[in-house]
Amino acid sequence: MSDSISWTDFEKVDLRVGTILDAKDFPKAKKPAYQLKIDFGNEIGILQSSAQITAHYSKEELIGKQIVAVVNFPKKQIANFFSECLVTGFADERGDIILTTVDRKLPNGSKLS
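As annotated in an unreviewed UniProt entry, the protein chain is tRNA-binding protein from Sphingobacterium puteale.

Here is the structure:
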């Protein structure tokens with residue numbers, strides 16, 4: 001287990017539900033990845049992210065999938081692309097990422113509470 005954090009630290013992490021609108025190959029990434037456009041609703045809008053999820057997901061099956069992302073990280077430049085949020089997931093036994101999703105449809109922008 002990693003170091004403990006305070007409740008105040010946890011409250012700073014803004015985890016939201018978003019729906020993937022578009023997924024494209026990202027050939028300039030060092031590891032295989034997709035460029036995603038994700039709708040987080042009216043308050044946040046549409047953000048883009050780079051995600052190394054090609055082992056378990058095709059671009060086509062990602063469209064319409066609701067995922068959980070951290071939306072309050074600073075933008076990060078990856079090659080010629082700016083990632084605006086961090087899509088969350090868990091590594092399988094090979095280290096390939098399985099997305100964090102919700103089991104029922106929620107409004108885009110719903111916040112973890």
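**Q** Tell me about the overall build of the protein chain, and name the residues and values.
**A** Looking only at helices and strands, the protein chain has three helices and nine strands in total. For 113 residues, the compact-globule estimate of 2.2 N^0.38 gives 13 Å, and the protein chain sits close to it at 14 Å. Oriented by its inertia axes, the alpha-carbon framework of the protein chain measures out at about 40 × 35 × 30 Å. Within the protein chain, buried positions represent 36% of all 113 residues. Counted over contacts in the protein chain with a minimum sequence separation of 6, partners at least 24 positions apart contribute 57%. Within the structure as shown, the protein chain displays about 7600 Å² of accessible surface, and the carbon and sulfur contribution to it stands at 53%. Within the protein chain, one finds 15 positive and 15 negative side-chain charges whose respective centroids are separated by 5 Å.

**Q** Tell me what's going on with the environment of Lys-59, and back it up with residues and numbers.
**A** Along the chain, Lys-59 falls in helix H3 (residues 59-62). Excluding its chain neighbours within four sequence positions, the residues that come into contact with Lys-59 are Ala-23, Lys-24, Asp-25 and Tyr-34.

**Q** Give me the UniProt feature "domain: TRNA-binding" (unreviewed entry) in the protein chain: which residues, what numbers.
**A** The feature "domain: TRNA-binding" (unreviewed entry), as given by UniProt, occupies residues 9-113 in the numbering adopted here. As a span, residues 9-113 carries 10% helix and 40% strand, and end to end its C-alpha atoms are 14 Å apart.

**Q** Before we move on, could you go through the sheet that holds strand S4 (residues 66-70) and cite the residues and values that matter?
**A** Within the open sheet, the five strands sit side by side as S3-S2-S1-S4-S7. Their pairing is antiparallel. Both edges of this open sheet fall to strand S3 (46-51) and strand S7 (86-87), since each of them pairs with a single strand only. Here strand S1 (residues 15-25) runs beside strand S2 (residues 34-39); their pairing, made up of six bridges, is antiparallel. Within S2, the residue paired with Asp-25 across the bridge is Tyr-34.

**Q** Report on the side chain of Arg-16, specifying residues and quantitative values.
**A** Locating Arg-16 in the fold gives a position in strand S1. Within the structure, Arg-16 has its side chain in polar contact with the backbone oxygen of Gly-109 (distance 2.9 Å). Discounting chain neighbours no more than four positions away, the residues touching Arg-16 are Phe-40, Glu-43, Ile-44, Ile-67, Val-68, Ala-69, Val-71, Gly-109, Ser-110 and Lys-111.

Quick notes on the rules
- Residues numbered from 1 in each chain as written.
- Predicted model: local features only at pLDDT ≥ 70, side-chain atom pairs only at ≥ 80, totals over all residues.
- Heavy atoms only, no water.
- Helix = DSSP H or I, 4+ residues; strand = E, 2+ residues; numbered from the N terminus.
- Rg over C-alpha atoms; globule rule 2.2 N^0.38 Å.
- Buried < 20%, exposed > 50% of the residue type's maximum accessible area, 1.4 Å probe, protein only.
- Contact = heavy atoms within 4.5 Å.
- Areas by Shrake-Rupley, 256 points an atom, 1.4 Å probe, with all protein chains shown as cover.
- Lys, Arg positive; Asp, Glu negative; His and termini not counted.
- Charge placed at Lys NZ, Arg CZ, Asp CG, Glu CD.
- UniProt positions renumbered as here; feature names shortened; annotations may be inferred.
- Pairing = 2+ DSSP bridges.
- Polar contact = N/O pair within 3.5 Å; in protein donor to acceptor, adjacent residues only side chain to side chain.

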